[in-house]
Amino acid sequence: MSSNRMMRKRSGRSGRIWVFAAIWLVCMLYVLFQGGKTSFMLLSMVTLLGIYLWIGSMSGVSRAQGTRYLSSGAEYSETLHAGDQIHVRLHLSIPGFLPLPYVIVREVLKRHTGESWSFEESIIPSIKGNGQLSFQTTPLERGRYYFADTEIITEDIFGLMENKGLVSAPGEFRVLPRVVFIPYWQLNNRKTRLAGPDSVLTRTRRETTQINGVRDYVYGDRLSRIHWNATAKTGSWKSKEFEHETVPKTMLVLDHLSAHYRSGDQFELAVSTTASLLEFGGRERMGIGLCTAGQKGVVIQPSENAMERQKMLHHLVDLDLDPAGDMMGGLESSIRLFPQGSFFVLVSPMADEKALEIFRWADARGMIPCYVHINGPGRQAGQDQWMEAVRKRGIHGYSVSSLQELPAVMGGGA
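Residues numbered from 1 in each chain as written. Predicted model: local features only at pLDDT ≥ 70, side-chain atom pairs only at ≥ 80, totals over all residues. Heavy atoms only, no water.

Colleague: Just give me the short version of the side chain of S239, but keep the residues and values in it.
Modeller: Relative to the assigned elements, S239 resides in strand β12 (residues 238-244). In contact with S239, other than residues within four places in its own chain, are G213, V214, R215, D216, Y217, V218, D221, R225, I226 and H227. (Helix = DSSP H or I, 4+ residues; strand = E, 2+ residues; numbered from the N terminus. Contact = heavy atoms within 4.5 Å.)

Below is the structure:
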């Protein structure tokens, strides 16, 4: 399609050239057969116009160069989250003999999913051919973005001839999923005796009396935890941070089979929930890992390393719905990477026997199942009964309908 469009543009330009050549030939014949000052003046004007158009076509639009600058707020950062906007500045340098009246700049921003957004604006270059285009994108969703080659278009002052060129000004960035601050996760902060004949006493992440450092004050911290010296020095509330006892590792298992989701927004909620739990694990120094379960399971083993957590978040950036596959098959192929005795936290919208089968599979392999059900906007009929059935089997169950309610749900609230 693009090649056909280029051929149409070239044919349109060559057609204009032939029309102008025909006009010049008619003026020349008029001088030869009619003579006189009028015919000579007419031929001179057309000739001068042709020289001007020829010089204009030799302008450096095809040799233009550009430099792109990306910023978010005061300074550009790799840590962009869904909903943020990017401010783009494009500096252009167009060589040439004649000053250009204006230049139309067309930008195309592409997403890794194939979506694209176009931006078009006109600028007036300086006498030296320098110009700058500034614009701000719309709020961006999770994904990997890059700018295609910039198209610049200019015309002569009469609007007779159009010159085009492409400028390569690379610009790539990633937008991480939306996250919400989770101050407390019930699973890792209290003893729970699971129901059933095979009940297990989970180990808790209790704090020791050994101070490990100072952190920002979190609403709800006891008065005895406040670090008064650090608070006085910094001018903001600081709390003592204590070392924790060892707890089992945690594996977050994100379901990304398209057959299980009703809409793209529900899948984005699942991804954001997983990213928020990863942020919580990093902040609490948990050994937390990630498995994206689809046709093939991709596993990043639990670690307290910040670089490994960033690797998990960047993996979520590129994640899309898997159109087909067997989730159980993907888990079976990756079972050797799951630590025995770890928490098996399934993030999925499933509410049927398939989910219970996965829980039995995890329990049979020495893991402690936990369920974060992605309900999506609104509540489906029978949701409360389903979650109650899950909890009766001794499984921690959380139902999430929106990202804003995630902190309360994970902390044991309604």
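Here the narrative resumes, following the displayed structure.
Colleague: How would you explain the nonpolar core if you had to name every residue and give the values?
Modeller: The nonpolar side chains of soluble globular proteins are, as a tendency, buried together. Judged by nonpolar contacts, the single largest core of 37 residues is most densely connected at W185 and L316. Contributions of two or more residues to this core are made by β13 (250-255), α4 (264-283), β14 (288-293), α5 (306-317), β16 (343-348), β17 (368-374), β18 (396-400) and α9 (406-410). Considering every element that reaches this core, the biggest residue donor is α4, with 8 residues. Setting aside residues up to four positions removed in sequence, W185 forms contacts with T250, L252, L277, F280, M286, V345, Y398 and M410. If you look at the next biggest cluster of nonpolar residues, it comprises 26 residues, including A64, V103, Y145 and F173. (Core = buried A, V, L, I, M, F, W, Y, C linked by side-chain atoms within 4.5 Å. Buried < 20%, exposed > 50% of the residue type's maximum accessible area, 1.4 Å probe, protein only.)

Colleague: I'd like a rundown of the sheet that holds β13, residues and numbers included.
Modeller: Pairing is mixed across the open sheet formed by 6 strands, whose spatial order is β15-β14-β13-β16-β17-β18. In the strand order of this sheet, the two ends are held by β15 (298-303) and β18, each with one partner. Strand-to-strand twist of the sheet, defined as the mean angle between neighbouring strand axes without regard to direction, takes the value 15°. The sheet strands contacting α4 are β13, β14, β16, β17 and β18, and the helix crosses β13 at an angle near 170°. Where α5 meets the sheet, its contacts fall on β13, β14 and β15, and the angle it forms with β15 comes to roughly 155°. (Pairing = 2+ DSSP bridges. Axes fitted to C-alpha atoms, helices over the stretch in contact; angles between N-to-C directions.)

Colleague: Which residues make up the packing of α4 against α5, and what values go with them?
Modeller: Between α4 and α5, the shortest axis-to-axis distance is 10 Å and the interhelical angle comes to 175°. Considered as vectors, α4 and α5 are oriented roughly antiparallel to each other. Residues V271, T274, A275, L278, E279 and G282 of α4 pack against R309, M312, L313 and L316 of α5. Split into classes, the residues belonging to the contact of α4 with α5 amount to 6 nonpolar, 2 polar and 2 charged. (Parallel < 35°, antiparallel > 145°, perpendicular 65-115°, else oblique. Nonpolar A, V, L, I, M, F, W, Y, C, P; charged D, E, K, R; others polar.)

Colleague: Outline the side chain of T274, supporting the account with residue identities and numerical values.
Modeller: Inspection of the secondary structure puts T274 in helix α4. A relative accessible area of 0% places T274 in the buried class. What T274 contacts, discounting residues up to four positions off in sequence, is L252, L254, L290, L316 and V347.

Colleague: Which residues make up the pattern of salt bridges, and what values do they have?
Modeller: Inspection of the entire model under this criterion finds 12 salt bridges. The residue R174 makes a salt bridge to D318 at a minimum N-O spacing of 3.3 Å. Of the two residues, R174 sits in strand β10 (residues 172-176) while D318 sits in the loop between α5 and α6 (327-333), which places them 144 residues apart along the sequence. Between K238 and D216 there is a salt bridge, with the nearest N and O atoms lying 2.5 Å from each other. In this pair, K238 is assigned in strand β12 and D216 in strand β11 (residues 207-216), connecting sequence segments 22 residues apart. (Salt bridge = Lys/Arg side-chain N within 4 Å of Asp/Glu carboxyl O.)

Colleague: Could you give an account of the sheet that holds strand β6 (residues 130-136), with specific residues and numbers?
Modeller: Within the open sheet, the 3 strands sit side by side as β1-β3-β6. Their pairing is antiparallel. Every other strand in the sheet has two partners, leaving β1 (65-71) and β6 as the edge strands with one partner each. With strand direction ignored, the average angle separating the axes of adjacent strands in the sheet is 15°. Sheet topology places strand β3 (residues 87-93) next to β6; 7 bridges connect them, and they run antiparallel. Across the sheet, H91 pairs through a bridge with Q132, a residue of β6.

Colleague: I'd like to hear about the pairing of β3, residue by residue, with values.
Modeller: Only one face of β3 is buried: it carries V88, L90 and L92, and the other face, with H87, R89, H91 and S93, is open. Relative to β3, β1 runs antiparallel, the two being bridged by 7 bridges. Pairing of Y69 across the sheet is with R89, part of β3.

Colleague: Can you break down the packing of aromatic side chains residue by residue, with the values?
Modeller: Throughout the structure, instances matching the rule amount to 11 aromatic pairs. Both rings, one in F344 and one in W361, keep their centres 6.0 Å apart while their planes meet at 65°; by these two values the pair is edge-to-face. Highlighted residues: F344 in strand β16 and W361 in helix α7 (residues 353-364), separated in sequence by 17 residues. Accessibility assignment for this pair places F344 and W361 in one class, buried. Their ring planes at 70° and their centres at 5.1 Å tell us that F359 and Y371 sit as a pair that is edge-to-face. (Phe/Tyr/Trp six-rings, centres within 6.5 Å; stacked < 30°, edge-to-face > 60°.)

Colleague: Can you lay out the environment of S168 for me, pointing to particular residues and giving the numbers?
Modeller: With respect to the helices and strands, S168 occurs in the loop between β9 (162-167) and β10. Along the sequence, S168 and T67 sit 101 residues apart, while their C-alpha atoms lie 8.4 Å from each other. The residues touching S168, leaving out its near neighbours within four places in the chain, are G66 and D149.

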